[in-house]
Amino acid sequence: MKISKIDTFVVDAGWRPWQFVAVRTDEGITGYGECSDGRMPYSVVSSAKEFEAILLGQDPQAVEARYWDMYRMARQSPGGIAAKAIAGIELALWDIKAKSLNVPVFELVGGPMRTRQRVYWSHCGSSRAGNYKIIGAPPIRSWQDITDLGKEVVQRGFTALKTNIIFPGETARTYRGGFGGGEGTTDGNVTNLMLDHIRKLIGTFRDAVGPQVDIALDLNFNFRAEAATRICRVLEDMQMMWVEIDMYEPQALRDIRNAVNVPVCSGENLFTARDYRRYFEARAMDVCMVDVPWNGFSNSRRVVEMAETFEINCAPHNYYSHLSTLHSLHLCNISPNIRICEIDIDDVPWKDDLVTNPLQFDQGHVVIPEEPGWGADLNEEVAAQHVWEAGRLPGYWTRAAN
């Protein structure tokens, strides 16, 4: 079997793009991988096409060899766009290998360890804040709408949710201080007024879902260490699942963790075990978040296995389509140290149609499919019907004034 072609897709996901790689073979087997990037989608898929020069005619089933071929080609551009492109191709190669053997991917690497995986409703309220019309969900105009959403989470069987800093209103929004230009600052400060608002937001969710449902707050890159510490402190009596903090300095994250009494989650922005090792050695996080579409399957597995040696549980980052969810589910199925898995519930109407087999939900869990490969293919016809316009900014990005 030889690699004959690489095709790519950039799909309109409403307020952000999703990217996919299809690796074709001369025996008619196509493998699919997701490598979504919300800001530079066409750069990622263009990089994936660049790797075609060294992959055409090669054996797709030698997955590790093909990964290291790509790694060497991009060695002077570590991480970022190149890493995401490599990940998308590598994920597609795993799909080809598993399909050729008529087994699910998890069977190739020692699984299964479970039949279903607990998930949390991510961007709960955040997605509705600016995109309720395309989602077909109620708007977030008032605190009562936050309460109603919390009750909806429970009614639909979920036992955990994650939100961002939401401002209800006629034009609801989320806080994007140092992450997308929304507030026009990278200072990363927090005011007393903001602290009160955050406490009210999480308190409203807590009152709505009750004491047993887990709640997480994602701060992204919006706050510096001092501000993140203050935010964590005002949430210490809220029974938080975690506060999620993105930060490129492991010792600063460790300082936050030492100073607060809430679990700290981080890592979604890191690439390969080389990056994660510094954070593990610094004891900088309670929960490790790893992004499979950005790291690929083998690298993600190495990160999770290393985390286990530090007695750290992992929670796959999954702000993407259902193909990414399948990538993450297969990682969960071969790993002994999984905390929970992310999934977005509020999304574009064509999300389910983008994959050939629907996900099965069961009381806050997703059933792990046993079909060959990832368990579903990208529906290329649907992807072609929803193309993301080149040059279009994602919906959560605004051009801040200087």
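Residues numbered from 1 in each chain as written. Predicted model: local features only at pLDDT ≥ 70, side-chain atom pairs only at ≥ 80, totals over all residues. Heavy atoms only, no water.

S.K.: Give a description of the overall build of the protein chain that names residues and reports values.
M.R.: Helix and strand content of the protein chain: 14 helices and 15 strands. On C-alpha atoms alone, the protein chain measures out to a radius of gyration of 20 Å, which is about the 21 Å that the 2.2 N^0.38 rule sets for 402 residues. Structurally, the protein chain occupies a C-alpha span of about 60 × 45 × 45 Å along its principal axes. Buried positions account for 61% of the 402 residues belonging to the protein chain. Restricting to contacts in the protein chain with at least 6 residues of sequence separation, those with at least 24 account for 72%. Accessible area of the protein chain: about 15800 Å², with a carbon and sulfur share of 46%. Looking at charge distribution, the protein chain has the averaged site of its 41 positive side-chain charges lying 3 Å from that of its 52 negative ones. (Helix = DSSP H or I, 4+ residues; strand = E, 2+ residues; numbered from the N terminus. Rg over C-alpha atoms; globule rule 2.2 N^0.38 Å. Buried < 20%, exposed > 50% of the residue type's maximum accessible area, 1.4 Å probe, protein only. Contact = heavy atoms within 4.5 Å. Areas by Shrake-Rupley, 256 points an atom, 1.4 Å probe, with all protein chains shown as cover. Lys, Arg positive; Asp, Glu negative; His and termini not counted. Charge placed at Lys NZ, Arg CZ, Asp CG, Glu CD.)

S.K.: Which residues make up the pairing of strand β4 (residues 116–122), and what values go with them?
M.R.: Walk down a regular strand and you will see the side chains alternate between the two sheet faces. For β4, the buried fraction is high: 6 of the 7 residues fall into the buried class. By the bridge criterion, 3 bridges tie β4 to strand β15 (residues 365–367) in an arrangement that is antiparallel. Paired with Arg-118 across the strands is His-365, a residue of β15. Looking at chain direction, β4 and strand β13 (residues 341–344) are connected through 4 bridges and run parallel. By the bridge assignment for β13, Val-119 is matched with Cys-341. (Pairing = 2+ DSSP bridges.)

S.K.: Go over the side chain of His-317, please, and point to the residues and values.
M.R.: With respect to the secondary-structure elements, His-317 resides in the loop between β12 (313–314) and α13 (322–333). Among the polar contacts listed, one links the side chain of His-317 to the side chain of Asp-291, at a separation of 2.6 Å. (Polar contact = N/O pair within 3.5 Å; in protein donor to acceptor, adjacent residues only side chain to side chain.)

S.K.: Tell me about the nonpolar core, and name the residues and values.
M.R.: With 128 residues, the main nonpolar core has Ile-89 and Ile-245 as its most contacted residues. Of the residues forming this core, the biggest block, 11 residues, is contributed by helix α4 (residues 80–101). Those residues in contact with Ile-245 that lie beyond four places of it in its chain are Leu-219, Asn-220, Ala-228, Cys-232, Leu-253, Ile-256, Val-264, Cys-265 and Ser-266. One finds Ala-216, Met-241, Cys-265 and Ile-340 within the second-largest nonpolar core, a separate group that totals 10 residues. (Core = buried A, V, L, I, M, F, W, Y, C linked by side-chain atoms within 4.5 Å.)

S.K.: Summarise the sheet that holds strand β2 (residues 17–25); cite the residues concerned and give the values.
M.R.: Spatially, the 3 strands line up as an open sheet ordered β1-β2-β3, and their pairing is antiparallel. Edge positions in the sheet fall to β1 (3–12) and β3 (30–34), since each of these pairs with one other strand and no more. Along the sheet, successive strands turn relative to each other by an average axial angle of 20°, direction set aside. Sheet topology places β1 next to β2; 9 bridges connect them, and they run antiparallel. Bridge pairing in β2 places Val-11 opposite Trp-18. Packing of α4 onto the sheet brings it into contact with β1, β2 and β3, and relative to β3 it is tilted by some 145°. The sheet strands contacting α13 are β2 and β3, and the helix crosses β3 at an angle near 95°. (Axes fitted to C-alpha atoms, helices over the stretch in contact; angles between N-to-C directions.)

S.K.: Tell me about the packing of helix α8 (residues 225–234) against helix α9 (residues 250–259), residues and numbers included.
M.R.: Two elements in contact, α8 and α9, have axes whose closest approach is 9 Å; the angle formed by their N-to-C orientations is 25°. For the element pair α8 / α9, the angle class is roughly parallel. In the packing of α8 onto α9, the handedness of the crossing is right-handed. Residue-level contacts link Ala-225, Ala-228, Thr-229, Cys-232 and Arg-233 of α8 to Ala-252, Ile-256 and Ala-259 of α9. Partitioning the contact of α8 with α9 into residue classes produces 6 nonpolar, 1 polar and 1 charged. (Parallel < 35°, antiparallel > 145°, perpendicular 65-115°, else oblique. Left-handed = near helix turned anticlockwise from the far one by under 90°. Nonpolar A, V, L, I, M, F, W, Y, C, P; charged D, E, K, R; others polar.)

S.K.: Provide a residue-level description of the layout of surface pockets, including the pertinent values.
M.R.: Taken as a whole, the second largest pocket spans an internal volume of roughly 390 Å³. Around the second largest pocket, the lining is made up of 22 residues, and of these Arg-156, Ile-345, Asp-346, Asp-352 and Phe-361 lie nearest the centre. Elements represented by at least two residues in the lining of the second largest pocket include exactly α5 (126–135), β13 and β14 (361–362). Taken together, the residues of the lining of the second largest pocket sort by class into 10 nonpolar, 3 polar and 9 charged. (1 Å grid on protein atoms, 1.4 Å probe; cavity = no way out; pocket = protein on both sides within 12 Å on 5 of 7 lines; lining within 4 Å. Points joined across faces, edges and corners; volume = space filled by probe spheres on them.)

S.K.: How would you sum up helix α12 (residues 297–309)? Please name residues and give values.
M.R.: Helical geometry: 3.6 residues make up each α-helical turn, so side chains three or four residues apart lie on a common side. Counted at 1.5 Å a residue, the expected span for α12 with its 13 residues is 18 Å, and the 19 Å between its end C-alpha atoms agrees. Within α12, burial applies to Phe-297, Ser-298, Asn-299, Ser-300, Val-303, Val-304, Met-306 and Ala-307. Just downstream of α12 lies Glu-311, where phi reads positive at about 60°. (Expected span 1.5 Å × (residues − 1).)

S.K.: Run through the confidence of the model for the protein chain, naming residues and quoting values.
M.R.: Summarising the model, the protein chain shows a mean pLDDT of 95, and 97% of its residues fall at 70 or more. Contacts of residues 398–402 to residues separated by more than four positions or lying in other chains number 6 contacts, the stretch itself having pLDDT below 50. (pLDDT = per-residue confidence, 0-100.)

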